[in-house]
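Structural description and commentary
Residue strings, one per chain:
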Amino acid sequence: MLGVYAVAGLTVLGHVAGPGHHHPTLDAVIDLTAAALLALLAIRSLLRHPTAAEGHQNRIMSRLTAAPGAAFLGFGAVAMLVNFSTLVLFLPALHQIARSSVALADKVVVGAVLVIVTLLPVLVPVLLVTALGPRADPLLARLNRLVGGHSRQITVGIAAIFAVVLVVKGIREIG
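Cut-off values and rules
Starting from 1, residues in each chain are numbered consecutively following that chain's sequence as written. Residues qualify for local features only when their pLDDT is at least 70, as the model is predicted, and side-chain atom pairs are given and counted only at 80 or more; totals for whole chains, interfaces and linings, by contrast, use all residues. Side-chain descriptors were evaluated using all non-hydrogen atoms of the structure, hydrogens and water having been removed beforehand. Axis angles are defined between N-to-C directions and span 0 to 180 degrees, where every axis is a line fitted to C-alpha atoms and, for a helix, only to the segment in contact. What counts as a helix is a DSSP run of H or I of at least four residues, what counts as a strand is a run of E of at least two, and both are numbered from the N terminus. Each angle receives one of four descriptions, namely roughly parallel if under 35 degrees, roughly antiparallel if over 145, roughly perpendicular if within 65 to 115, and oblique otherwise. Left-handed describes a crossing in which the near helix is turned anticlockwise from the far one by less than a right angle; the clockwise case is right-handed. Residues count as neighbours in contact if any of their non-hydrogen atoms are within 4.5 Å of one another. Amino acids outside the nonpolar list (Ala, Val, Leu, Ile, Met, Phe, Trp, Tyr, Cys, Pro) and the charged list (Asp, Glu, Lys, Arg) are all regarded as polar, and Gly is one of them. Here, a salt bridge means any side-chain nitrogen of Lys or Arg that lies within 4 Å of a carboxyl oxygen of Asp or Glu. Note on exposure labels: buried denotes an accessible area under 20% of the residue type's maximum, exposed denotes more than 50%, and partly exposed covers the range between, all computed with a 1.4 Å probe on protein chains only. To define a nonpolar core, start from buried Ala, Val, Leu, Ile, Met, Phe, Trp, Tyr and Cys residues and group those joined through side-chain atoms within 4.5 Å. A residue's pLDDT is the predictor's confidence in that residue, given on a scale from 0 to 100. The span one expects for a helix is its residue count, reduced by one, times 1.5 Å.

Digging into the packing of helix α5 (residues 84–99) against helix α6 (residues 104–118)
Geometry of a packed helix pair, given as the angle between the helix axes and the separation of the axes. Between α5 and α6, the least distance of the axes is 10 Å, while the angle of their chain directions is 165°. When the axes of α5 and α6 are compared, the pair comes out roughly antiparallel. Helix-helix and strand crossings are classified by hand; for α5 and α6 the assignment is right-handed. Contact residues: α5 offers T86, F90, A93, L94, I97 and A98, while α6 offers K107, V110, G111, L114, V115 and T118. Classifying every residue of the contact of α5 with α6 by side-chain character gives 8 nonpolar, 3 polar and 1 charged.

A look at the packing of α6 against helix α7 (residues 120–132)
For the pair α6 and α7, the least separation of the axes is 5 Å and the interaxial angle reads 70°. Here α6 is positioned roughly perpendicular relative to α7, judged by the angle of their axes. Here I116, V117 and T118 of α6 lie close against α7, whose contacting residues are L120, P121 and L123. For the contact of α6 with α7, a count of residues per class yields 5 nonpolar, 1 polar and no charged.

As for the environment of R172
Structurally, R172 can be placed in helix α9 (residues 151–174). Through-space distance from the C-alpha of R172 to that of P24 is 9.1 Å; in sequence the pair is 148 residues apart.

Some words on the pattern of salt bridges
Oppositely charged side chains may form a pair once their charged atoms are brought near each other. One pass over the structure, following the stated rule, counts 3 salt bridges. The salt bridge involving R99 is made with D27; its shortest N-O contact spans 3.3 Å. One end of the pair, R99, is in helix α5; the other, D27, is in helix α2 (residues 24–46), with 72 residues separating them in the sequence. For R99, the salt bridge identified is with E173, shortest N-O distance 3.0 Å. Of this pair, R99 sits in helix α5 while E173 sits in helix α9, placing them 74 residues apart in sequence. Judged by its relative accessible area of 21%, R99 falls in the partly exposed class. For E173, a relative accessible area of 17% translates into the label buried. Ionic contacts of the salt-bridge type, sharing partners, join the residues D27, R99 and E173 into one network.

Looking at the nonpolar core
Here is a general trend for soluble globular proteins: nonpolar side chains tend to be buried in one another's company. A34, A35, L38, L41, A42, V88, V156, A159, A163 and L166 together form the largest nonpolar core, which totals 10 residues. In terms of residues, this core owes the most to one element, α2, which gives 5 residues.

Some thoughts on the confidence of the model for the chain
Taken over all residues, the pLDDT of the chain has a mean of 82, while the share at 70 or more is 82%. In the model of the chain, helix α3 (residues 52–65) stands out as the element of lowest mean pLDDT, 60, in contrast to α9, which has the highest, 92.

Brief notes about α7
Spanning 13 residues, α7 covers 17 Å between terminal C-alpha atoms, matching the ideal 18 Å at 1.5 Å per step. A positive backbone phi angle near 65° is found at G133, which sits one or two residues after α7.

Now the structure itself:
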């Protein structure tokens, strides 16, 4: 799904905000809109509503226990399709890549790095299991407890930090 978003985003943004089409106002609007959405996400997460990880973990885990392998591909695709916090961070990064003046090959490389970095939360456990086999289980269980127990704080922290960065960047684009 990130690959689809990257290709679509770079294609659309390449026409709207590509090299030679520098529009400081458009750049500021994109940055400030993403900052506002991230700020709203942080505020929503601060309220006592269960986060996605807190609210759906048991229900999803019980369904996935007996699911065939292909179901994981579909579940992952849908989860990434609607992963609001990731997309709000991913799209401004794509915008920066699209508007850069580097060659297309360089944009593809940077876009691939962006996809890989975005997928690190998925790739690290897979790589650990691949490298360590069953020995990765205790480490992954501890990591799951840590992330699951602090998902609200992690969400708020990341959203707030990137919101501030995007506000500063957006203001600089205007000024």
